[in-house]
Amino acid sequence: EEAYSFRIREECPNALRVLDMQDVQSLRVGRQYLVDQHDKSNIESSVDGKYSLMTPQLMDTVMNFDPSTSMLHPQKNKNKKEHQSRLKLHDTFLRELASVHRSDLVLVCSSEEMEMLERKWQIPRWKLVPASFFCSEPKNWDAGTPSFDERTDFVTVGGFK
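Every chain is numbered on its own, with residues counted from 1 as its sequence reads. Under the rules for a predicted model, residues below a pLDDT of 70 receive no local features and side-chain atom pairs below 80 are neither given nor counted, while totals for whole chains, interfaces and linings still include all residues. Note: side-chain values were computed over all heavy atoms of the structure, leaving out hydrogens and water.

Moving on: helix α5 (residues 111-120). Every buried residue belonging to α5 is among E113, M114, M116 and L117, and all of these are buried. In a view along the axis of α5, the buried residues occupy a sector of 160°, so they form one face of it. The outward face of α5, more than 90 degrees from its buried face, is lined by the exposed residues S111, E112, R119 and K120. Backbone geometry just after α5 places Q122 at a positive phi near 60°. Residue burial is assigned from relative accessible area. The probe radius is 1.4 Å, only protein chains are included, and a residue is buried under 20% of its type maximum, exposed over 50%, and partly exposed in between. Secondary structure elements follow DSSP: runs of H or I of four or more residues count as helices, runs of E of two or more count as strands, with numbering from the N terminus. Think of the arc as the fan of directions from the helix axis to the C-beta atoms.

Shown next as structure tokens:
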């Protein structure tokens, strides 16, 4: 979205811009950061190379992680590498939030992510559309659906990774 949205806006100012948000990247990256930090500190303090991979406390911390209010805000840290990691995570959050605001609609995978976007990050509900891969196909799905040759005026832009 970051790479192409300005061009779409210039060339097709009336186009509907839909962001397919397969996951909240800053949420995923932040949770991974917490797990990595936990593993790193456990490895450093382990006896005979034995340590706990997941604890109830870590699970709680990971599941309650919120990139907008977490400890990952880029405060100055004595450890330069950790400070850079925090800056990168915070930057990911801000860039992702800007992408959401630039888009007309946002496809969101889970009700939890939709609630976070709406309640915590103040994204208007009308902009969020549930698009879970784990839902049933609607009844009469094929009824009234145009054939491929009949479909027009749709372009998808991105890296397709």
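Centres within 6.5 Å make a pair out of two Phe, Tyr or Trp rings, where for Trp the six-membered ring is used; the pair is then stacked when the planes are under 30 degrees apart, edge-to-face when over 60, and tilted otherwise. This structure, assessed with the given rule, holds one aromatic pair. For the pair F93 and W121, a centre-to-centre distance of 4.8 Å together with 75° between the ring planes defines the contact as edge-to-face. Of the two residues, F93 is situated in helix α4 (residues 80-102) and W121 in the loop between α5 and β3 (128-130); the sequence distance between them amounts to 28 residues. Given a relative accessible area of 6%, F93 falls into the buried group.

Here the focus is a nonpolar patch on the surface. Residues L53, M54, M59 and M63 make up a contiguous nonpolar surface patch of roughly 400 Å² in combined accessible area. Mapped onto the fold, M63 is located in helix α3 (residues 56-63). Note on M63: relative accessible area 47%, which makes it partly exposed. Think of a patch as exposed residues, more than 30% relative accessible area, with no salt bridge, where like charges cluster within 9 Å and nonpolar side chains (Val, Leu, Ile, Met, Phe, Trp, Tyr) cluster within 5 Å. Only the protein chains shown count as covering a residue, and every accessible area follows the Shrake-Rupley method with a 1.4 Å probe. Take a side-chain nitrogen of Lys or Arg and a carboxyl oxygen of Asp or Glu: if they are within 4 Å of each other, that pair is a salt bridge.

It is worth spelling out the side chain of S99 at this point. Looking at the secondary structure, you find S99 in helix α4. What qualifies as a polar contact is a pair of N or O atoms within 3.5 Å, subject to a donor-acceptor requirement within protein and to the restriction that residues adjacent in sequence count only when both atoms come from side chains. For S99, the side chain forms a polar contact with the side chain of R102, separated by 3.2 Å. We call two residues in contact whenever any of their non-hydrogen atoms come within 4.5 Å of each other. When neighbours within four sequence positions are excluded, S99 is seen to be in contact with E1, E2 and L19.

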